[in-house]
Structure formats: C-alpha cells, structure tokens
Amino acid sequence: MATSTNLEAPPAGAAEAGGAGVAALITEAPVPHPTLARTFAAMMAREFRVLRRNAVATFTRAVMQPLLFVFVFAYVFPKIGGGFMLGGAAGGAARAGAAASGVNFATILVPGLMASMLLMQGIMAVTFPLVMEFSWQRTIEDRALAPVPIRVLAVQKISAGAVQSFIGALIVFPIVLLVHASGQAPSVHVTNWALFALILVAASMLTAALGLLLGTIMDPRKMQMLFAVILLPATMLGCVYYPWSALHSIRWLQILVLVNPMVYMSEGLRAVLTPELGHMPLWAVLLVLIGGSVVFGYLGARTFRNRVLN
Amino acid sequence: MTHASAQLMRTGLPDAEAAIRTEDLRKTYKTSRGDVQAVRGIDLDVPSGEFFGLLGPNGAGKSTTIGMLTTLVLPTGGRAWVAGVDVVGDPVAVKRRIGVVTQNNTLDMQLTVAENLEFRSRFFGLGAREAGRRAEQLLDAFGLADRRRAMATDLSGGQARRLLIARALVHRPDVLFLDEPTAGLDPQTRVNLWDILRVLHDQGQTILLTTHYMEEAEALCDRVAVIDHGRVLAAGTVDDLKQSTGADTVITVRYESAVPDGLAGKAGITGRPGISKIETDGDQVRVFTREPDGVLGELVAAGARDGLHVRDAAQLKPSLETVFLTLTGREYRE
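These numbers were taken from a predicted model, which means no experiment stands behind them. (Residues numbered from 1 in each chain as written. Chains lettered and ligands numbered in written order. Predicted model: local features only at pLDDT ≥ 70, side-chain atom pairs only at ≥ 80, totals over all residues. Heavy atoms only, no water.)

Judged by nonpolar contacts, the single largest core of 58 residues is most densely connected at Met 114, Phe 196, Met 265, Leu 269, Leu 273 and Leu 289 of chain A. Looking at this core, the elements with two or more residues in it are α5 (55-80), α7 (105-134), α9 (150-178), α10 (193-217), α11 (224-236), α13 (261-273) and α14 (282-308) of chain A. A total of 12 residues in this core trace back to one element, the largest contributor, which is α7 of chain A. Each residue touching Phe 196 of chain A, except ones within four places of it in the same chain, is listed here: Met 114, Phe 173, Val 190, Leu 269, Val 272 and Leu 273 of chain A. Grouped together as the second largest cluster of nonpolar side chains are 56 residues, Ile 150, Ala 208 and Val 308 of chain A together with Ala 60 of chain B included. (Core = buried A, V, L, I, M, F, W, Y, C linked by side-chain atoms within 4.5 Å. Buried < 20%, exposed > 50% of the residue type's maximum accessible area, 1.4 Å probe, protein only. Helix = DSSP H or I, 4+ residues; strand = E, 2+ residues; numbered from the N terminus. Contact = heavy atoms within 4.5 Å.)

Across the boundary between the two partners, chain B contributes 44 residues, which contact 41 residues of chain A. For the pair chain B and chain A, the summed buried surface comes to about 3900 Å²; carbon and sulfur atoms form 62% of the total. Of all residues in chain B, Leu 72, Phe 123 and Arg 172 of chain B give up the largest surface area on contact with chain A, accounting jointly for 19% of the area buried on that side. Counting the contacts that link chain B with chain A gives 6 salt bridges. Of the charged contacts, one joins Arg 49 of chain A and Glu 115 of chain B as a salt bridge, the two residues approaching to 2.7 Å between their closest N and O atoms. Between chain B and chain A we count 12 residue pairs in polar contact (both at pLDDT 80 or more) in total. If you list the elements that add at least two residues to the side of chain B that touches chain A, you get β1 (18-31), α3 (91-97), α4 (113-123), α5 (128-141) and α7 (187-202) of chain B. At 6 residues, the largest contribution of residues to the side of chain B that touches chain A is made by α4 of chain B. Looking at side-chain class alone, the side of chain B that touches chain A contains 19 nonpolar, 13 polar and 12 charged residues. (Buried area = accessible area lost by both parts, 1.4 Å probe. Salt bridge = Lys/Arg side-chain N within 4 Å of Asp/Glu carboxyl O. Polar contact = N/O pair within 3.5 Å; in protein donor to acceptor, adjacent residues only side chain to side chain. Nonpolar A, V, L, I, M, F, W, Y, C, P; charged D, E, K, R; others polar.)

Think of it this way: side chains of opposite charge can pair up when their charged atoms draw near. This model, assessed by the stated rule, comprises 25 salt bridges over all chains. A salt bridge links Glu 133 of chain A to Lys 157 of chain A; the shortest N-O distance between them is 3.0 Å. Of this pair, Glu 133 of chain A sits in helix α7 while Lys 157 of chain A sits in helix α9; the two residues are 24 residues apart in sequence, bridging distant segments of the chain. Overall, the relative accessible area of 11% leaves Glu 133 of chain A in the buried class. Ionic pairing is found between Glu 136 of chain B and Arg 148 of chain B, a salt bridge with its closest N-O pair at 2.5 Å. Note that Glu 136 of chain B is positioned in helix α5 and Arg 148 of chain B in the loop between α5 and α6 (157-168), a separation of 12 residues in sequence. For Glu 136 of chain B, a relative accessible area of 29% translates into the label partly exposed. The network of salt bridges with shared partners includes Arg 46, Glu 47, Asp 142 and Arg 143 of chain A together with Asp 108, Arg 120 and Arg 167 of chain B.

Let us look at the sheet that holds strand β8 (residues 206-211) of chain B. Residues and elements named next belong to chain B. Reading across from one edge, β6-β7-β8-β3-β9-β10 is the order of the 6 strands in this open sheet, with mixed pairing throughout. Looking at strand neighbours, the two that pair on one side only are β6 (98-101) and β10 (231-236), the edges of this open sheet. Pairwise comparison of adjacent strand axes, ignoring direction, gives a mean angle of 15° for this sheet. Here 5 bridges tie strand β9 (residues 223-228) to β10, and the two strands are oriented antiparallel to one another. Across the sheet, residue Val 226 finds its bridge partner in β10, namely Ala 234. Set on the sheet, α6 makes contact with β6 and β7 (175-179); between it and β6 the angle comes to about 165°. (Pairing = 2+ DSSP bridges. Axes fitted to C-alpha atoms, helices over the stretch in contact; angles between N-to-C directions.)

So, on to the pairing of strand β13 (residues 284-289) of chain B. All names here are of chain B. Of all 6 residues that make up β13, 6 are buried, and the element is covered over most of its length. The alternating pattern of β13 places Gln 284, Arg 286 and Phe 288 and Val 285, Val 287 and Thr 289 on opposite faces, both of which are buried. Alignment of strand β11 (residues 249-255) against β13, held across 6 bridges, turns out to be antiparallel. By the bridge assignment, Val 250 is partnered in β13 with Phe 288. In terms of strand pairing, strand β12 (residues 275-281) meets β13 through 6 bridges, oriented antiparallel.

This paragraph deals with the packing of aromatic side chains. Residues and elements named next belong to chain A. Across all of its chains, the model carries 10 aromatic pairs over all chains by this definition. Ring geometry for Phe 69 versus Tyr 241: centroids 5.5 Å apart, planes at 20°, classification stacked. Of the two residues, Phe 69 sits in helix α5 while Tyr 241 sits in the loop between α11 and α12 (251-256), which places them 172 residues apart along the sequence. Residue classification places Tyr 241 among the buried residues on the basis of a relative accessible area of 9%. Ring geometry for Phe 71 against Tyr 75: centres 5.3 Å apart, planes inclined by 15°, an arrangement best described as stacked. Placement of the pair is Phe 71 and Tyr 75 together in helix α5, with a separation of 4 residues, close to one helical turn. Residue placement shows Arg 307 over the ring face of Phe 134; its charged tip is 4.4 Å from the ring centre. (Phe/Tyr/Trp six-rings, centres within 6.5 Å; stacked < 30°, edge-to-face > 60°. Lys NZ or Arg CZ within 6 Å of the ring centre and 35° of its normal.)

On to α13 of chain A. All names here are of chain A. The first and last C-alpha atoms of α13 sit 19 Å apart over 13 residues, in line with the 18 Å expected at 1.5 Å per residue. Among the 13 residues in α13, 13 count as buried, and that is most of the element. The residue sitting at the N-terminus of α13 and contributing the capping side-chain oxygen is Asn 260; that oxygen lies 3.0 Å from the backbone nitrogen of Met 262. (Expected span 1.5 Å × (residues − 1).)

In this section: the side chain of Glu 141 of chain A. Position of Glu 141 of chain A among the secondary structure elements: in helix α8 (residues 140-144). A residue is classified by how much of its surface remains accessible, and Glu 141 of chain A, at 16% relative accessible area, is buried.

Residue and element names in this part refer to chain A. Remark: α9 packs on α10, axes separated minimally by 7 Å, with the N-to-C direction vectors making an angle of 125°. With respect to α10, the element α9 is oriented oblique. Read as a crossing pair, α9 and α10 show a hand that is right-handed. When α9 is examined against α10, the residues Ala 154, Lys 157, Ile 158, Gly 161, Ala 162, Ser 165, Phe 166, Ala 169, Leu 170 and Phe 173 are found in contact with a partner set consisting of Phe 196, Leu 200, Val 201, Ser 204, Met 205, Thr 207, Ala 208, Ala 209 and Leu 212. Looking at the contact of α9 with α10 residue by residue, the classes come out as 14 nonpolar, 4 polar and 1 charged. (Parallel < 35°, antiparallel > 145°, perpendicular 65-115°, else oblique. Left-handed = near helix turned anticlockwise from the far one by under 90°.)

Set out below in structure tokens:
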C-alpha cells in the first residue's frame, strides 16, 4: 500500500527541483552578523589564498631581480676585476667609500637591494591590481559592497600590500647573503632585531601606501610611465647602490635625493644591517618611514574613496 | 526597555514598511564639459516583497539611481532609504541589508567559483566552515555544483550571471538589486534567469531590477517606473500604465514624401471615437487610438488618393513600448 501511495505522488516536485533549491536557501540560510574585524580578516584571508595560488609567479618575481643583481655585482664584477670599466662605473663613489672603510660592495648592496625589493613588491602588489580593478569591469565594486566603510577597504589594501612587500624583502635576505664570489661575503650583523623589524614593517607600509596612492591616481593607459617616472629614478637615486653619506661629494644631489622615500628605506636598513657603514641618523629615517606611511596612507585612502564612490 | 526603545526607533524611521524610498533624489556629475544631470529628482516607494522595475533606455539614469541606492554613488540632492536606513547617513548598515548584481561582471577573477561564494560569505561575517556550507548550498541551488573548482574567468556568460546572483544572496539581503541582469545573454539563458528571479520573488524577496528590455519588465515586475533623462515619466503596474496613458494602440504610417496638411481629415479619422491623438511629423502620421480597426487602411488609401506612396507602416498593440511612445513622443531606443 505504501508503495502505491508513493507512486501516486504528484511529480510536481521533480519539475520544481531547481526552484525549490533556490527557495530553500532563502528560508534556511543563517543571517550573518558581520563585524569590522571579521570582514577585515576575511579580506586578508582572501589575499593569502590568492598569494598561495600564485606562489610560484610571486616567488619568481621576487627572486629574479635581486638574484641577478647580486650575481653580477657580487660575483661577476669581483671575478673580472676592479680594473674593468663597467664595474668601476657601476660601483662609483660607493666603491671608493667602501674601500676606504674596508667594506666590500656586497655589504652595501644588502640593505639597498632589500629596500629596492620593498618598493618593487609594494607597487606590484597594490598598484597593478588596483589599476585593473578600477578599469574595464570595475571589479572594485565587488569589494566596495562589503559591509565596511570604504576607507577600511583602503587600509586593508595597504595591509595586504605591506605583507607582500615584507615577504619580498625577506626573500632578498638569503640571496644577498649567499650569492657572492669567494672572499666577497657581505658583512652583515643585526644587533637590534626589534629595530630591524620596526624598520622593515614601517618601510613595507610606506611602499604599500605609496602603491595605493599611485594606483588611484595613475591613468591605466600610462602604466608604462610608472617605470620611467617612478620606479627607475626612485631606485637609481635611492641610495641602493651607494650609501647616502657617499654622496657628499655631489652635495646638490645629496640634498635632492632627500625627497625620495627609497633613501630612507635603504639608509634605515643600512643602520640596522651594516652599521659600520655611515648612515643617516635614525630619527630622520623613522620619522619619514612612519610619517610617510601615515601621510601617503591618508592621501591614498582619500583618492581611493573618491575613485570608488562617484 | 532597551529592546522596546530599539523597536520604537526602528518603527520611528521614515516609512519602515518601505524597502526602498527616495525623495527628490538627484545626481549631477561635474565634467570638463559642464554639469551632467544624470538623475533629476526621482521619487520611489517600493514596499517590502515587491518586484519593482526601473525601465528606460540606455543613459536614462537607471544605473546612477541603483548606484545611489547601493551606496556606491553619492547623491547630490534629495534623500534615499533602503530597508529603512539612510543610504548617505549609514552606508555600512545599508550594505549589510542589500545584495547587488552589478551590470559588469565583478566576480573575483583570482578565485574559483566556490571561493567567490565562500569569501563573500566571510566578508559578511560567516565563519570559514559556515561559509563553505553556504557556498555548497548556493552552488547546488544555482546549478553550478559541477563548476565549483573552475576559475571565475572560465565561466560562460550565463553561468557568470548565475554566480553573481548567488553571490548577492549569501547573506540573505532584505533587498536584491539587479542592474541589467540579462543584458548580453542569449534568449534561453535569459528565460532561465527569469525563472530564478520569479522563484526568489515568490519567496518574498524584495527585488529592484533595471532593464531596458520592455518584455523583461512586463514578464517579471509587479510595478514599473518608466524613466528617461533622469526623471520618472510614469509609475504603476504594467496594466495601470497602459490604461492611464491612454495610448492603447499606436499606428504609424510613413510615406515616401512629406505629408500634406489635413491628410488625416481626408482619411476620415479625425472625428472617430477612441482616438486620443493624431500626430503629423514630416513624412509620417501617428495615430493613438483605442479602436484601431480600419485606421491603417484609411491612412493608406487617403495617401494613395493624393499620390503618396507608403514606405512602411506599423500597428503596435498596447504595451510598455506604446506607453513609452506616448510619454516621450519618441521611439524606444534600446
């Protein structure tokens, strides 16, 4: 009897299966209670998921530049000899200064390359995705509809970029320590780990904040300008390949480069990694790194909000 | 006491019954070529549970209106409330209560189909495990279960739309906004989406949809506001609109040369009952009438007597299209 009742049951349910499924999810779903902290944490979790998925590409991007730099500067040049003109030109005043204080070029490069990597990663991690999100499909609207104020979204973008920038700098560390010609090992000794961490974190925040500002004011069609106008001058004139003190022989340049945030990153890292080399006073470094993060972060968040809301 | 006063506050808000309410809502964009008034004072009142349509041609101000209601566009005048919350005063509270399907494909292209739902759920406060369950539930309901591991970039247009709608529903929003949800989809996919939206509506979901497809508004919406140039031209049920505008059937005859004065008179249709309006414009005559029988034939014959040949002729039955024609005097441009 029971069997026949089942067979006689109207087959309407089958036809409505899709509809019933959609219907059920409205009535049965839990009503969520978002908080600012939860939403922020979820957004960071999303960044880590993407980072993990693109790990190989991100890692390659982070490794290749410093690897080639130290290979050429700390291995090839010392091998082919100081008399080689190119080596002399690239080393420049730094080599002279370094030789005077008995320091090799690899020692100068360690903090410089870390700083250069911080800037590169900060901008790659924030500016490029942001320009994509604002153009074409405006995918930024997806995140903008999350239940947090738009400026929190800006802070989240800076935080996520800073983490990538920080990791990028850490990747450089073993490379510059390990890749060099025999007898050309950099002399690096961290005496104050807390200060080292503080400078790395502040520098990461600064590059990510700069990345946000650039990403919100850059015209997507002029992205190649980013390299020519920002990245290249910032790096070449950022005390990456020479300590700031060595610039004293070109006084006007020594003063001019003070507008470049890179200088403070390089010099700050120099202060904690290779203190025997002359470096800029720490108060100036910390003032610019922390103050710069706040100022660029504020400006970036403001232009970001203006771009998201129209 | 606290609970009671909270209740009181909720009911004290402007028109707590209304899911969406706007008062003289305006948006003017400042551009290098001067001010552009995208929305010029719109009043809407959408009760809870209604399926409401904003119908108008491209550039009418629909997307700007939906942008203001979903907090992404800042109004330059007037006020708006969604689920009783002021969109300018407390945008975060509004975002908590709404689901939005944008016109563009704003899926997170770095994530898989399932992850798009999981992370959206987590943005709205669900824990990781709960979010996973919610994602599975939605994937099943929207027929995307076999695509769960696909990257969002690999979805077809119809699948992407379904995922966008599913994603907008993760947190059980009070109001679902859909901006041109079926633009660019093939007819079959469109009809499938309509079925999904009808089911949602049957479950009591309040929906505001913008569309420039007449038949979409007719097929889905309880009520429609026809908008053009940033203003509401008429609002009501589709039937109300057809009745109230008086444009029942629109007959248009276009001749090969300019229409001489008095052609309609010669055709003997000027005094006929049921005719509400006759327009002569250049080479065409347009008649708005409730009793269309014979009108087209008379116009053709009258033209022939004057040596005017007909280039084309059309007789449109009452529809939103004739409503639009009556309200604006212009062909509906999709």
